[in-house]
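Here is what each chain is made of, one letter per residue.
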Amino acid sequence: MMKKKSIPASKPFLILFLCQIISALDVPLDLSQPPTITHQSPKDYIVDPRENIVIQCEAKGKPPPSFSWTRNGTHFDIDKDAQVTMKPNSGTLVINIMNGGKAEAYEGVYQCTARNERGAAISNNIVIRPSRSPLWTKEKLEPHHVREGDSLVLHCRPPVGLPPPIIFWMDNAFQRLPQSERVSQGLNGDLYFSNVQPEDTREDYICYARFNHTQTIQQKQPISVKVFSMDSLNDTIAANLSDTDIYGAKPVTERQPVLLTPTGSTSTKVELRGNVLLLECIAAGLPTPVIRWIKEGGELPSNRTFFENFKKTLKIIDVSEADSGNYKCIARNTLGSVHHVISVTVKAAPYWITAPRNLVLSPGEDGTLICRANGNPKPSISWLANGVPIAIAPEDPSRKVDGDTIIFSHVQERSSAVYQCNASNEYGYLLANAFVNVLAEPPRILTPANKLYQVIADSPALLDCAYFGSPKPEIEWFKGVKGSILRGNEYVFHDNGTLEIPVAQKDSTGTYTCVARNELGKIQNEVHLEIKDPTMIIKQPEYKVVQRYGQVSFECIIKHDSTLLPTVIWLKDNDELPDDERFLVGKDNLTIMNVTDKDDGTYTCIVNTTLDSVSASAVLTVVARPNPPFDLELTGQLERSIELSWIPGDENNSPITHFVIEYEDGLHEPGVWHYQTEVPGTQTTVQLKLSPYVNYSFRVVAVNKIGRSQPSEPSEQYLTKSASPDENPANVQGIGSEPDNLVITWESLKGFQSNGPGLQYKVSWRQKDVDDEWTSVIVANVSKYIVSGTPTFVPYEIKVQALNDLGYAPEPSEVIGHSGEDLPMVAPGNVQVHVINSTLAKVHWDPVPLKTVRGHLQGYKVYYWKVQSLSRRSRRHVEKKILTFRGNKTFGMLPGLEPYSSYKLNVRVVNGKGEGPASPDKVFKTPEGVPSSPSYLKITNPTLDSLTLEWGSPTHPNGVLTSYILKFQPINNTHELGPLVEIRIPANESSLILKNLNYSTRYKFYFNAQTSVGSGSQITEEAVTIMDEVQPLYPRIRNVTTAAAETYANISWEYEGPDHANFYVEYGVAGSKEDWKKEIVNGSRSFFVLKGLTPGTAYKVRVGAEGLSGFRSSEDVFETGPAMASRQVDIATQGWFIGLMCAVALLILILLIVCFIRRNKGGKYPVKEKEDAHADPEIQPMKEDDGTFGEYSDAEDHKPLKKGSRTPSDRTVKKEDSDDSLVDYGEGVNGQFNEDGSFIGQYSGKKEKEPAEGNESSEAPSPVNAMNSFV
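Since this is a predicted model, take the numbers as computed values, not measurements.

What follows concerns the pattern of salt bridges. Considering all chains together, one arrives at 39 salt bridges under this definition. With a closest N to O distance of 3.1 Å, K938 and E950 form a salt bridge. Of this pair, K938 sits in strand β80 (residues 934-940) while E950 sits in strand β81 (residues 947-954); the two residues are 12 residues apart in sequence, bridging distant segments of the chain. Relative accessible area serves as the criterion here: at 2%, K938 is assigned to the buried category. Here E950 falls in the partly exposed class, since its relative accessible area comes to 25%.

Time to look at the sheet that holds strand β45 (residues 499-501). Read across the sheet, three strands follow the order β41-β45-β44 without closing on themselves; strand pairing throughout is antiparallel. Every interior strand has two partners, whereas the edge strands, β41 (461-463) and β44 (492-493), have only one. Bridge analysis of β44 against β45 gives two bridges, and the strand direction is antiparallel. When the sheet's bridge partners are listed, V492 is paired in β45 with E500.

A word on a nonpolar patch on the surface. Taken together, the side chains of L1146, L1149, I1150, I1153, V1154, F1156 and I1157 define a hydrophobic patch exposed on the protein surface, amounting to about 650 Å² of accessible area. Relative to the assigned elements, L1149 resides in helix α3 (residues 1135-1160).

In terms of backbone geometry, most residues other than glycine have negative phi values and most peptide bonds are trans. Residue P163 is reached from L162 by a cis peptide bond, and omega for that bond is -10°. Residue placement: P163 occurs in the loop between β14 (152-154) and β15 (166-170). One non-glycine residue, N72, lies in the positive phi region at around 55°. For N72, the position within the fold is in the loop between β6 (66-71) and β7 (74-75). Although it is not a glycine, Y549 adopts a positive phi angle of roughly 70°. Following the sequence through the fold, Y549 ends up in the loop between β49 (544-547) and β50 (552-555).

Per the counting criterion, the structure on display carries six disulfides. Note on cysteine connectivity: C281 is disulfide-linked to C329, with sulfurs 1.8 Å apart. An S-S torsion of about -65° defines the bridge between C281 and C329 as left-handed. Taken as a pair, C281 in the loop between β23 (277-280) and β24 (282-286) and C329 in strand β28 (residues 325-333) lie far apart in primary sequence, 48 residues in all. C329 sits in the buried class, given a relative accessible area of 1%.

A few words now on the sheet that holds strand β53 (residues 575-576). On the basis of which strands lie adjacent, the open sheet formed by five strands has the order β49-β57-β56-β52-β53 and mixed pairing. The outermost strands of the open sheet, each flanked by one partner alone, are β49 and β53. Taken together, the six bridges between strand β52 (residues 567-572) and strand β56 (residues 601-608) define a ladder with antiparallel strand orientation. The partner of V568 across the bridge, within β56, is V607.

Turning next to the packing of aromatic side chains. Evaluated as defined, the whole model comprises 23 aromatic pairs. Between F174 and Y208, the aromatic rings sit 6.2 Å apart at their centres with planes inclined by 45°, giving tilted as the arrangement. Highlighted residues: F174 in the loop between β15 and β16 (183-185) and Y208 in strand β18 (residues 202-211), separated in sequence by 34 residues. Exposure remark for F174: the relative accessible area of 55% places this residue in the exposed category. Geometrically, the ring pair formed by Y964 and F1007 is stacked, given 5.3 Å between the ring centres and 15° between the ring planes. Here Y964, found in strand β82 (residues 961-971), pairs with F1007, found in strand β85 (residues 1002-1011); they are 43 residues apart in sequence, far enough to count as distant. Through a chain of ring-to-ring contacts, three or more aromatic side chains come together here, namely F168, F174 and Y208. The ring of W865 is capped by K880, whose NZ or CZ atom sits 4.4 Å from the centre of that ring.

The rules behind the values
Residues numbered from 1 in each chain as written. Predicted model: local features only at pLDDT ≥ 70, side-chain atom pairs only at ≥ 80, totals over all residues. Heavy atoms only, no water. Salt bridge = Lys/Arg side-chain N within 4 Å of Asp/Glu carboxyl O. Helix = DSSP H or I, 4+ residues; strand = E, 2+ residues; numbered from the N terminus. Buried < 20%, exposed > 50% of the residue type's maximum accessible area, 1.4 Å probe, protein only. Pairing = 2+ DSSP bridges. Patch = residues over 30% accessible without salt bridge, like charges linked within 9 Å, V, L, I, M, F, W, Y side chains within 5 Å. Areas by Shrake-Rupley, 256 points an atom, 1.4 Å probe, with all protein chains shown as cover. Disulfide = S-S within 2.5 Å. Phe/Tyr/Trp six-rings, centres within 6.5 Å; stacked < 30°, edge-to-face > 60°. Lys NZ or Arg CZ within 6 Å of the ring centre and 35° of its normal.

What follows is the structure in structure tokens.
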């Protein structure tokens, strides 16, 4: 079974690995070897006196070593001390302090020795010291009384502890005292004040010392500081001295810098190599000095230099001998400077150049141990053998000591030993153990067999062949089972046996064999290498800019080797994503919802596999409207200008494009802000022009691409001085309201335009083109003045001048106005009418003289009305229509005329006052036109071969009817049409029996009327002849009738067929090719209201039933009422209507009384009996489902049925025959139906009826007749 091992391709790992393989080979633990110290306590070991002391000493060897200890240079017999034990199989000592032992009793220098039959290894000298955290010594602290501006040092002087404590200053509330360039803590823990201020006065300056080893904090007594200001000090002195004493405290004076620490001009500092160098300079002075550091004759190391404590401390890390030199600190303020030079010397405790390494030799071989160290001063080198100075150690003829080197020649097994090298100077020592182990061993390979290595393509591959043998074996590598030995530049062979392939490719995959041989034998081992495709981010996250509270997504789409399982991690600013539900991590993306300013930063997508790692980053910039400007300041105040400056707020990652300056006039319009000006976003000051007598406040709004900021806080107020007005009122006009006056108006000046108190106006006028003097009046702050007694409509020169308490505005300009208008005096003459067609005429007239207009000519009005219809010779209520033609126009078109009618018109001139007299009435007639469709078509009495057709004449014949045209054709079961048959019928006929038809056949009929001009629109219907003498019940919708208003129409129909049919209404504009519009009828009602129609438009309509094989009625055509051209008359205000309503109410009251009397007498209520007896089909009950009447369409439908009545006996609801409509009465077509479809016609105003045609009754329904129909 192969074992997997991952080799990351990163170079840091490779460098670490190469460092490891250069070290000496470890001897397998199953072979004899001298002891090796593997773990020991630090040289300077400070222990907690409250806990057990553990002194570590661990070692390995074969056989396992035994351990012994020395204390302060003598043998430490642990068996004699009950508090001390040694861990099993270890040299670690445990000193029991928690059960009665005292740490101070075990303070000293300890050393461990590990020994077996092949040698002895020793540890460092381990100095054991218990930590100490002593209490502060009691002292009486006097309050500090300091004059403002003087320097002050508060001494901490913490107790000496082990290790030294950490010092900080706090108050009684355990809050750290704020520090700054003026107040700061020195390295010694003292608190330095460069100069004191009154706010430094307090009684709780407390120094704390924290001893980390014992987890304790010691507190110094609070220190009180009282700062006396110069003003208070002078008041105190003045109160205690007589008037004759001449004394006064000097005011706070500025002082040049003086160093508080270090003192003098020079000092020295010694630091050890590798430590941190800290240099400090703290200065007093007023103003507070600023510290600067330089190195004389050199530069400060840029990558290791840091400034702390407000640049008062210079910190250089990892110092070396090159950092020795003179460092100068310079303290400077506006009055001067002071400096101090610190001479730094860097010494060095010993450090290794070459530490001795273990040496494994076979009998008869040669070798060397080298021990080289450096330091300042130069360390001395001494050797020990098995812990004993080599000078007194047992002789070994195979070794020779030569300073820092021991040379071994022709070693034997007895030459095995452990050697110690000690390098020491005054600053410390180094101790290293290195053994010489003499063995004779054949080769062995320590790397597991068949180990599997997986490497990313184009990365280094390192194949292990860890080995051991004595003498040292030679290593060779082969690829494949029978491959040749590997050589060449494409491979690197390391001393520890590792084979390195610097750039592994796909063809590097395979099995590799490592062979180790020496004079005692040979061994080999196979390992396996697999090369994987690298992981790549093929779609990296991109830089994004998003508005605050918006949403943003970063993509991270990867490609990887199919055998590797990647994991994706997102970081923000190289840290984990915030624990926030707004961050949504998807498979290939990161989405941030409701973005805030805190989300600004760098987002990194990291993809990890077991072999490699890739990453990509993108920056998110969150933008928002800028923060408002602040710190508005007014400077350079003048009478008419001022300078405004401000500090911009945060632009929120979107540059400010400009600033808008607004002002408030607190004197005239408090609380109202006006636009003043705007400046570029790079400008923070502006010179503003001002008006007199205004109490200004200003505010600034910042604008960037995202939007406007909130306004800044208002500036201070600035009141400008008064002055005379700079301008006069605008929009001066003169227009008379009466024939004998002139009304002068103007726009009053705004408050800030008045320039001062007492604003008034001087109004002047004189008649134009007349040699008159100006007439003037001074009026208060108003906007109108009326001049009376003027001639009618004459021009005037007018001017209005502003003035206030300080004077007049500049001379105003003059405007021309006119006195009041009067009604025109004459009517237009020579009125002529030219009839263009049956619905359009053109009228001409001569203009009236302008002098007779007596005002501004606005135009001409043409009044026209229909006198009578030429086809019926009936008088009618006169409804005048008006068309207005603007300007000096002398002709106009009269649209919408009714064909074959007589009209009258007159023309009037119009000015601003009103209309002039009318011209004499002009009579004209319109020619014939095509008729409307027949009012109804019904088909009755179906037999096997005949149908009876009945129809009504057109509602609008528009001339003399000449004939009717009937066309019909059969329809088969697939709704295909057969041959079309046409019949012409005389105009005086109203019915026809069609014979010789096919039995059980559906026919479609098209019926229209004709005049001499042509054919009118047609009405359609369908009917079926019967199969036998028993008439079948088949579904049919017939007698579709419409009653149209201006924007809606009531559609009703009759239905024969199965119950529970669901109806729908289809409609469209007549003659249009557009698709039919469909409306569903609720329930099984037989009427529907179409709404939203266009006034004055012809529509086609048909009714269908759902589920009846697509059965539909024939089409009907209707026209909506025209938009009203003249004013409407409110019917509710008409006397006749009010009288009618009163009469109806009285009759209902009488009826209720009669019913009440009859009921009390035990009789039956007669209304129901009458209704049942008469069974009048036209008297329909109110529907229970919606409360509307049944199928009523006109008031005349309530008449008793007579011969020739246009209400058919088969309950057909017909169209109106009359040419009249409620429009002629000023009520318009709205008088027929309410918007909900309920009928109110019988309560609408009725007009004077025309003589009825044919056998029609001209009897109008009266309240009595209406009552008779009920009783």
